[in-house]
Amino acid sequence: MTTTTITRQQQPPVRAHNRSLVLQALYRDGSMSRADLARRSGLTRPTVSALVADLIDDGIARELGVRDDARVGKPATLVGIESDAFHIVTVDLSSAERFVGAVVDLRGGVVERASVELDGAVGEAAVSLVERLVDDLGSRTTRPLLGVGVATPGIVDHDGVVRTAVHLGWYDLGLRSRLADHVGLPVHVGNDSNAAAVGIRTFGETTGQAAAGQSLMVVTIDHGVGVGLVVAGALVEGDQFSAGEIGHVTVDENGDVCACGRRGCLEEVLAAPQLRTRLRQHDEGSRGAVLHDAGRALGLVLAPIISALNLNEVVLSGPADLVEGALLRAARETVRQRTLSAVSNGLTMRIAGSGTDLALLGAASFVLQAELGLT
């Protein structure tokens, strides 16, 4: 596993900030000249030239040749991001069946994939599976690795401690420190729903999932039920890092007992494993009604959130055979019935495209933000 030591933490704060401005401009707007970068970033040309020289030395950027245009004077030399200079190992632990991971480049392009079957593993056994998956992915690239990003179910604090992940049997697990010690790389851990929302914000244009505005809600149902919420461009995590934990909102006081110990949680109605179990208990003719009820329960929980924040975009992420059709329609109709038209008229509710690696890309963006200052 090839490592790299190019991180923001190793530089003086002002220089790290300025370097991030230059990188951000190149990352968001594409190749440009040093003069363009100075104008875009608001930094002086000598400062930009010095920073670009450092980025080229570090392998993150490269000169692309002179600009081909009809401007008067000496043609400018363009500078761009070297997308394949470094790779990131990223893993998504949200599925009930398997942990999945990928090696991606700086633009989120998938270079390699791997997975490991969960087979009911919890606690230390599940941690061992994560370590095995990260080791496997790390062995699949000869590029320097910028770090490891992890998207996990549960409540995760800024120290990478998984305070609670009921389905994995993790409580106050220092996952970031455990993995960092194991692989000798920077590791960044976040909630899977938050990762999905960040993945859309960072790589949406690349994946065809671009957000329409500055605010976005992503609802994930793969294992449990969670929400990733971006408001005015900022990820909302909450004072106890529990923002988006809607899976344990009670929707049926007479419903099934949830893993959290309470009865009738949304998770028991909507999460993919429970929903599949319920569908197997019904014939084909009543399948639509089961999915409709699940969508309506989701809509009941989402309506006050959407109304309070005046959100215009909700993305539902989960198995396509579950979220498409009756479930999505019922959720959309329920929200519109229970909110003012001033709120619901601008609302778009859609599903994530098939094969979309939202959480994987979001976990990679955790690394990009922490190590390079890219958001």
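As a reminder, the structure under discussion sits directly above these lines.
None of the values given here were measured: they were computed from a predicted structure.

Participant: So what's going on with the nonpolar core? Which residues, and what values?
Facilitator: Ranked by internal contacts, the top residues of the largest apolar core, which has 35 residues, are Met217, Val219, Leu298, Leu302 and Ile306. For this core, the leading source of residues is helix α9 (residues 287-309), giving eight residues. Discounting residues that sit within four places of it in the chain, isoleucine 306 has contacts with Met217, Leu311, Val314, Val335, Val343 and Leu347. Within the second largest apolar cluster, 32 residues are counted, among which are Ala25, Leu26, Leu55 and Leu146.

Participant: Kindly report on the side chain of histidine 87, identifying the contributing residues and their values.
Facilitator: If you trace the backbone, histidine 87 turns up in strand β4 (residues 87-92). Its relative accessible area of 4% is what places histidine 87 among the buried residues. Ignoring sequence-local partners within four residues, the contact set of histidine 87 consists of Val103, Val104, Asp105, Val111, Thr141, Arg143, Pro144, Leu145, Leu146 and Gly147.

Participant: Before we move on, could you go through the packing of aromatic side chains and cite the residues and values that matter?
Facilitator: With the rule as written, the count across this model stands at zero aromatic pairs. If you follow arginine 107 out to its NZ or CZ, it ends over the ring of tyrosine 27, 4.6 Å from the centre.

Participant: Hey, could you go over the packing of helix α4 (residues 123-138) against helix α5 (residues 175-183) for me, with residue numbers and the actual values?
Facilitator: Orientation of α4 relative to α5, taken along the N-to-C sense of each, is 45 degrees, at an axis distance of 11 Å. By the angle between their axes, α4 is oblique relative to α5. As for how α4 packs across α5, the hand of that crossing is right-handed. Contact residues: Glu124, Val127, Val130, Glu131, Val134 and Asp135 in α4; Arg178, Leu179, His182 and Val183 in α5. Grouping the constituent residues of the contact of α4 with α5 by class yields five nonpolar, one polar and four charged.

Calculation criteria
- Residues numbered from 1 in each chain as written.
- Predicted model: local features only at pLDDT ≥ 70, side-chain atom pairs only at ≥ 80, totals over all residues.
- Heavy atoms only, no water.
- Core = buried A, V, L, I, M, F, W, Y, C linked by side-chain atoms within 4.5 Å.
- Buried < 20%, exposed > 50% of the residue type's maximum accessible area, 1.4 Å probe, protein only.
- Helix = DSSP H or I, 4+ residues; strand = E, 2+ residues; numbered from the N terminus.
- Contact = heavy atoms within 4.5 Å.
- Phe/Tyr/Trp six-rings, centres within 6.5 Å; stacked < 30°, edge-to-face > 60°.
- Lys NZ or Arg CZ within 6 Å of the ring centre and 35° of its normal.
- Axes fitted to C-alpha atoms, helices over the stretch in contact; angles between N-to-C directions.
- Parallel < 35°, antiparallel > 145°, perpendicular 65-115°, else oblique.
- Left-handed = near helix turned anticlockwise from the far one by under 90°.
- Nonpolar A, V, L, I, M, F, W, Y, C, P; charged D, E, K, R; others polar.

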